[in-house]
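Commentary on secondary and tertiary structure
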Amino acid sequence: MTALTSPPREPTSPRRAAVRRGDRVFRGLTLAAGVFTLIVLAAIAIFLIVKALPALRADTKGFLTTREWLPDASPSVFGIAALAFGTLLSSALALVIAVPIAIGVALYTTDYAPRRIATVLGYVTDMLAAVPSVIYGLWGLYFLIPHLVPVQSFLARTFGWIPLFADPDNRTSVASRSIFAAAVVLAVMILPIISAISREVLAQVPTTSREAALALGATRWEMIRTAVLPPSRPGLISAVMLGLGRALGETIAVALVLAASFDVNWRVLTPGGNSIAANIATKFGESGNTGREALIASGLVLFAITLIVNLAARAVIYRSGAMERSAAV
Amino acid sequence: MTLTAPTPTPDPPASGGQPAAAHSSRLTAAHVGRLPMLAAMLAAVGGTALVFVVTPLAGTAEFVLVSLMLAVVAGTALSWRVEGRRRAVDRLATTAATACLLAALTPLVGVIGYTVYRGAARLSLSFLTHSMAGVGPLDAGGGVYHGIIGTLEQVLIASLLSVPLGLLVAIYITEYGHGRLATAIRFFVDVMTGIPSIVAGLFVFAFWVLELHRGFSGLAAALSLSILMLPVVVRSSEEMIKLVPGSLREASYALGVPRWRTILSIVLPTASTGITTGVMLAVARVTGETAPLLLTAFGNDFLHLNPLRGGQSALPLLVFQQAGSAYDVAIARAWAGALTLITIVVLLYVAARMLTRRNTLARR
Amino acid sequence: MKVKRTGGVAGLIVVGTVALAACGSDNNAGTTSSGTSGGTSASPAAQVACASGALTGAGSSFQAPIQQQWVKDYSAKCAGTQINYQSVGSGAGVQQFTSGTVDFAGSDVALKPDEQTKADARCAAGPAVHIPITAGGVALEYNLAGVKDLQLSPATVAGIFAGTIKTWDAPGIKADNPNAKLPATPVTAFHRSDGSGTTQVVSEFLDSQAKGAWTLGSGKEINWPGGQGAKGSEGVTAGVKQTDGGIAYSEVSFAKANSLSVAKVRNASGQYAELNAANVSKALESFTVTGSATDVKGTVNYGVSSGYPISTVTYVIGCGKGGKNTPLLKSYLTYAVTGGQAVADSLGFAPLPTAIADKNKAAITAIG
């Protein structure tokens with residue numbers, strides 16, 4: 001793709017100077033906007049660091065390894081280990097559930113459904129992205145949690161031999177406030193986002209590419225695999241990253257669903273688990289000074305996690321040979 | 001079943017080469033008729049019954065699931081034998097895409113259906129046109145009028161701040177930026193998507209409300225919301241702008257149109273449907289945010305029109321607070337408020353869609 | 001053009017907003033008449049010296065319902081006042097009070113020394129003072145098929161929430177309920193996953209009354225070894241409702257609204273006391289004021305020989321001197337601690353014992 005076509009050489013004309021000026025002004029404007037964004041982000045980062053430092057100094061155990069959260073106690077004890085673990089595990093699980101389905105839906109709308117149905121489906125997915133997170137949280141609390149008990153119990157019985165689904169104390173028979181439950185809510189929340197952006201990305205693949213593949217005798221799936229997916233890959237990864245960003249930072253819905261324990265628990269079906277954002281939302285109201293600063297420190301960690309995850313995604317885009325699309329990657 | 005459904009109509013070229021696809025699936029439908037597929041389904045159900053007899057599996061939902069899986073396996077195997085590997089894989093892909101659609105729509109429609117079910121009874125004109133002023137905890141009256149006004153004001157201000165800014169950033173990244181700075185901006189915008197909403201609220205609270213002594217206000221809420229909106233707007237607009245074919249730009253350049261005019265009148269309109277989707281996603285994300293509002297908008301039981309000064313209510317805040325109450329009257333208000341919130345976002349969405357549609361330059 | 005389009009959407013929203021503004025109203029006189037359960041007009045005798053203006057408060061979610069009721073009743077008596085209390089949590093309320101963004105804070109616990117210093121600094125001319133504004137008990141709500149009159153001793157409660165008592169027919173529970181038919185259902189204890197004044201009250205009660213059985217300390221947050229966390233009283237209550245064998249601590253209003261049974265709790269004299277307004281008021285007669293004549297902060301005694309032992313007071317914290325909107329604050333607080341106490345029972349709170357009420361009146365008069 002040639003997204004960055006170089007501008008034409010202007011023919012010598014009296015308007016040339018004015019054109020140049022217009023371009024310079026506009027370019028300056030966009031540059032200023034970009035720099036302003038960086039300044040805002042830097043301000044947030046500095047703010048987080050400045051506010052987090054006192055709490056980190058007051059912490060009497062290792063911040064990165066401790067699995068407790070009692071910052072307002074004396075001595076102050078808190079650590080990010082369990083929170084970061086829960087955040088990553090629930091978000092990863094949510095992606096595992098949501099990404100294939102979301103891209104499947106996007107493909108269905110662009111390449112399978114008749115045009116009229118596709119338009120309607122597009123509207124419906126977009127509108128579903130419009131459901132506010134507090135509503136997903138309430139739905140999770142009052143509807144999903146009780147209805148998930150038999151499902152989780154089934155998973156534990158059938159796939160219990162996989163360590164991830166193990167349930168040695170048979171706790172899934174009565175309770176379902178697990179990382180898995182949170183991941184399901186998160187998946188439902190990020191599905192429309194990923195699917196809406198993927199759809200736009202897939203729809204932009206030129207019709208000619210599709211027709212060329214079919215003309216060569218490809219089946220529809222082969223056409224998708226060879227002509228549609230490869231040029232869309234960076235865009236799809238972007239869509240996934242936006243979804244991941246929301247999953248990582250989601251507060252209220254996760255807070256309402258998780259059983260909020262402070263341990264590193266790989267058994268995703270058993271009650272427990274916690275996430276950084278949910279912990280900030282639940283603990284903030286009743287925190288004292290150190291507590292508030294400790295929560296800000298955890299926000300800083302979430303920030304760092306997003307940074308690392310994005311770096312990793314960038315590496316994936318590099319690896320997948322999508323470099324030709326843009327010099328700006 | 002979708003396994004055998006041929007694509008019914010030849011499509012307009014926009015949805016991508018489907019005439020040929022339709023043709024091919026008509027061919028395959030001739031190879032494997034409806035009957036063998038139906039037989040495969042029946043065999044799958046029978047097989048599942050057998051499996052359930054000899055294993056500890058139980059339950060209706062599980063039965064349906066296992067049957068469906070077996071049916072897909074059987075159908076694919078049949079097609080493989082009759083039509084060969086390539087057709088079988090194609091059929092499997094079609095089934096998978098359809099299954100994805102169902103898997104996605106079920107919970108999503110469930111969420112909305114549940115909200116309508118819980119909220120419709122309490123929703124009324126009086127609910128939409130009254131505030132919570134002077135409503136006691138046990139009173140059934142009151143409404144979300146003040147929250148609707150607050151949310152509209154806050155989201156409008158947040159959009160006015162973040163959409164133009166976000167578009168400019170996206171244009172810089174895609175059209176102008178080549179060097180390290182563009183890479184840095186792009187990367188950090190990605191990082192920005194991971195800012196938890198409450199941290200954005202905290203930042204505005206510390207900086208705007210406390211440091212600059214501006215106090216709680218709808219504007220403070222809008223500021224925190226725009227921090228959350230900005231990366232979504234930038235990221236999605238960027239993707240859409242990048243997908244505008246180079247040939248369009250080249251054609252414009254060839255006509256002597258300056259670059260900035262090309263961007264504004266060719267690139268942006270071409271990408272406008274996608275950009276609108278992105279903006280709406282951003283609006284949708286922030287309209288339901290509760291956590292930052294607690295620290296910035298503060299909330300108010302009374303109607304407060306001025307967004308620049310004084311605590312203001314907002315719909316998600318109201319929903320959250322009412323849902324946290326012990327009393328049925330408040331829970332009912334919460335669900336009705338949630339329904340109102342969804343309706344408002346959907347209305348905004350439809351309005352934006354209609355406006356972009358009418359003006360879209362290139363619905364090629 | 002893009003600009004035109006955005007302008008169009010913006011214009012649409014502005015027009016819509018204006019149209020809405022024209023048809024809505026702040027007047028709920030007609031719509032609230034269906035509030036049936038009593039209390040709303042239960043204080044005809046109280047004479048209120050009205051003040052005017054606007055007042056902002058924030059904090060404890062525990063006292064939010066009664067604040068909401070008082071705001072309604074007070075503004076019905078004193079037209080033209082706007083009192084805005086937002087339930088954001090005690091800690092956040094105290095912080096907002098300290099930073100001067102609200103006129104008073106609602107808090108389930110007294111200020112710590114460092115918080116007191118900061119709050120005093122905010123009130124330029126005088127210290128920040130505590131007024132215990134109402135009393136309430138913490139309910140142990142449960143959902144256990146076939147068991148209606150559960151009785152629990154402090155040690156049993158400790159065992160349930162610490163995770164050492166795992167089934168409902170465990171010896172500890174049997175000993176407390178010699179006549180009940182207890183099933184072998186597993187115990188699922190729900191605790192608050194958010195920081196909470198309720199958690200602090202329960203843990204302080206267990207810390208002082210179940211020595212030996214309770215080793216988890218006390219505070220708004222506890223390092224729970226087991227059980228399930230849930231956010232807010234609504235979360236734990238939903239958990240109990242959804243789980244046979246579930247038990248949680250919460251405000252009594254949640255148990256009532258969801259028709260959950262509430263356990264009787266054994267006090268220091270060995271009686272199993274029911275949670276009701278009278279028993280809470282009785283328990284709080286042993287509340288000891290540790291502040292001064294103008295600052296009514298104190299400590300709750302959980303080892304009461306009569307009354308419901310898990311009882312506490314919740315405070316309003318305001319400026320003793322130098323605050324803003326002082327006349328309205330004084331007038332509102334005076335109403336709350338006198339006539340306003342009459343609505344306490346209907347909302348699951350308990351009227352303050354006379355001893356505290358008298359100290360309150362003196363302290364409020366001294367504000368200025």
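Structure first, text after, so check above.
Residues numbered from 1 in each chain as written. Chains lettered and ligands numbered in written order. Predicted model: local features only at pLDDT ≥ 70, side-chain atom pairs only at ≥ 80, totals over all residues. Heavy atoms only, no water.

1. Observations regarding the state of the cysteines
Residues and elements named next belong to chain C. One pass over the structure, following the stated rule, counts two disulfides over all chains. Residue Cys50 pairs covalently with Cys78 via a disulfide, S to S 1.9 Å. On the sign convention where negative is left-handed, the bridge of Cys50 and Cys78, at about -75 degrees about the S-S bond, is left-handed. With a gap of 28 residues between them, Cys50 in the loop between helix H1 (2–23) and strand S1 (53–59) and Cys78 in the loop between helix H2 (64–77) and strand S2 (81–87) connect regions that are remote in the sequence. Between the sulfur atoms of Cys123 and its disulfide mate Cys319 the distance is 1.9 Å. Between Cys123 and Cys319, the disulfide has an S-S torsion of -80 degrees and is therefore left-handed. In this pair, Cys123 is assigned in the loop between helix H4 (113–122) and strand S4 (128–143) and Cys319 in strand S14 (residues 311–319), connecting sequence segments 196 residues apart. Cys319 matches Cys123 in its accessibility class, with the two residues each being buried. (Disulfide = S-S within 2.5 Å. Helix = DSSP H or I, 4+ residues; strand = E, 2+ residues; numbered from the N terminus. Buried < 20%, exposed > 50% of the residue type's maximum accessible area, 1.4 Å probe, protein only.)

2. Description of a nonpolar patch on the surface
A contiguous nonpolar surface patch, about 220 Å² in accessible area, is contributed by Val35 and Ile39 of chain A together with Leu181 of chain B. Its location among the elements puts Leu181 of chain B in helix H7 (residues 180–192). (Patch = residues over 30% accessible without salt bridge, like charges linked within 9 Å, V, L, I, M, F, W, Y side chains within 5 Å. Areas by Shrake-Rupley, 256 points an atom, 1.4 Å probe, with all protein chains shown as cover. Salt bridge = Lys/Arg side-chain N within 4 Å of Asp/Glu carboxyl O.)

3. Let's talk about the packing of aromatic side chains
The full count for this structure, using the stated rule, is 25 aromatic pairs over all chains. Measuring from ring centre to ring centre gives 6.2 Å for Phe159 of chain A and Phe165 of chain A, while their planes differ by 55 degrees; the resulting arrangement is tilted. With a relative accessible area of 17%, Phe165 of chain A lands in the buried category. Lying over the aromatic face of Tyr142 of chain A, Arg118 of chain B brings its terminal NZ or CZ to 5.8 Å of the ring centre. Between Arg122 of chain C and the ring centre of Phe97 of chain C, over which it is positioned, the NZ or CZ distance is 4.5 Å. (Phe/Tyr/Trp six-rings, centres within 6.5 Å; stacked < 30°, edge-to-face > 60°. Lys NZ or Arg CZ within 6 Å of the ring centre and 35° of its normal.)

4. Details of the interface of chain C and chain A
Reports often express the size of an interface as the amount of accessible area lost when the parts come together. The interface is formed by 32 residues belonging to chain C together with 28 residues belonging to chain A. Summing the contributions of chain C and of chain A, the shared interface buries around 2300 Å²; its carbon and sulfur component is 47%. At the junction of chain C and chain A, the tally comes to one salt bridge. A salt bridge links Lys220 of chain C to Glu286 of chain A, with the shortest nitrogen-to-oxygen separation between them at 3.1 Å. For the pair chain C and chain A, the number of links is nine residue pairs in polar contact (both at pLDDT 80 or more). Counting only elements with at least two residues in the side of chain C that touches chain A, the list comes to helix H3 (90–98), H4, strand S6 (188–192), strand S7 (228–230) and helix H8 (232–242) of chain C. Considering each element in turn, the side of chain C that touches chain A owes the most residues, five residues, to H8 of chain C. (Contact = heavy atoms within 4.5 Å. Buried area = accessible area lost by both parts, 1.4 Å probe. Polar contact = N/O pair within 3.5 Å; in protein donor to acceptor, adjacent residues only side chain to side chain.)

5. Quick word on the side chain of Ser131 of chain B
Residue and element names in this part refer to chain B. Mapped onto the elements of the fold, Ser131 is located in the loop between helix H5 (125–128) and helix H6 (145–176). Note on Ser131: relative accessible area 0%, which makes it buried. Among the polar contacts made by the side chain of Ser131, one reaches the main-chain amide nitrogen of Ala133 at a distance of 3.2 Å.

6. Comments concerning the sheet that holds strand S11 (residues 272–273) of chain C
All names here are of chain C. Pairing is mixed across the open sheet formed by three strands, whose spatial order is S5-S10-S11. Whereas interior strands pair on both sides, the edge strands pair on one side only; in this sheet they are strand S5 (151–152) and S11. Sheet analysis places strand S10 (residues 264–266) next to S11, joined by two bridges and oriented antiparallel. Each residue of the ladder has a partner; that of Arg266, found in S11, is Tyr272. (Pairing = 2+ DSSP bridges.)

7. Here's the deal with the interface of chain A and chain B
Between chain A and chain B, the residue contacts involve 109 residues of the former and 112 residues of the latter. Interface area for chain A against chain B, summed over the two sides, is near 10200 Å², with a carbon-plus-sulfur share of 73%. It is Phe26, Arg115 and Gln204 of chain A that lose the most area in chain A upon contact with chain B, and together they represent 6% of the buried surface on that side. Here chain A and chain B share one salt bridge between them. Inspection of the region where chain A meets chain B yields seven residue pairs in polar contact (both at pLDDT 80 or more). Here the side of chain A that touches chain B takes 20 residues from helix H1 (residues 16–58) of chain A, the largest share from any one element.

8. Digging into the nonpolar core
Formed by 270 residues in total, the largest nonpolar core has its most connected members in Ile160 and Phe161 of chain C. The element contributing the most residues to this core is helix H5 (residues 179–203) of chain A, with 19 residues. When neighbours within four sequence positions are excluded, Phe161 of chain C is seen to be in contact with Leu140, Ala189, Phe190, Trp214, Trp224, Ile247, Ala248 and Tyr249 of chain C. By size, the runner-up hydrophobic cluster in this structure holds 36 residues, among which are Cys78, Tyr85, Ile364 and Ile367 of chain C. (Core = buried A, V, L, I, M, F, W, Y, C linked by side-chain atoms within 4.5 Å.)

9. As for unusual backbone geometry
Non-glycine residue Phe298 of chain B carries a positive phi angle of around 75 degrees. Looking at the element boundaries, Phe298 of chain B is found in the loop between helix H12 (291–296) and helix H13 (315–323). According to the relative accessible area criterion, Phe298 of chain B is buried, its value standing at 1%. The phi angle at Ser259 of chain C is positive, at roughly 50 degrees, despite the residue not being glycine. Mapping Ser259 of chain C onto the fold places it in the loop between helix H9 (252–257) and strand S9 (261–262). Given the relative accessible area of 66%, Ser259 of chain C is considered exposed.

10. Details of the side chain of Ser178 of chain A
All names here are of chain A. Counting through the fold element by element, Ser178 comes out in the loop between helix H4 (133–159) and H5. Overall, Ser178 belongs to the buried group, its relative accessible area being 0%. Within the structure, Ser178 has its side chain in polar contact with the backbone oxygen of Val268 (distance 3.3 Å). Beyond its immediate chain neighbours, meaning those up to four positions away, Ser178 contacts Gln152, Leu258, Val268, Leu269, Thr270, Pro271 and Gly272.

11. Side note on the pairing of S1 of chain C
Residues and elements named next belong to chain C. Both S1 and S2 contribute to a ladder of seven bridges, which runs parallel. Bridging from a neighbouring strand, Thr56 pairs with Asn84 of S2. The sheet contact formed by S1 and strand S3 (residues 104–107) spans three bridges and is parallel. Paired with Gly59 across the bridge in S3 is Gly106.

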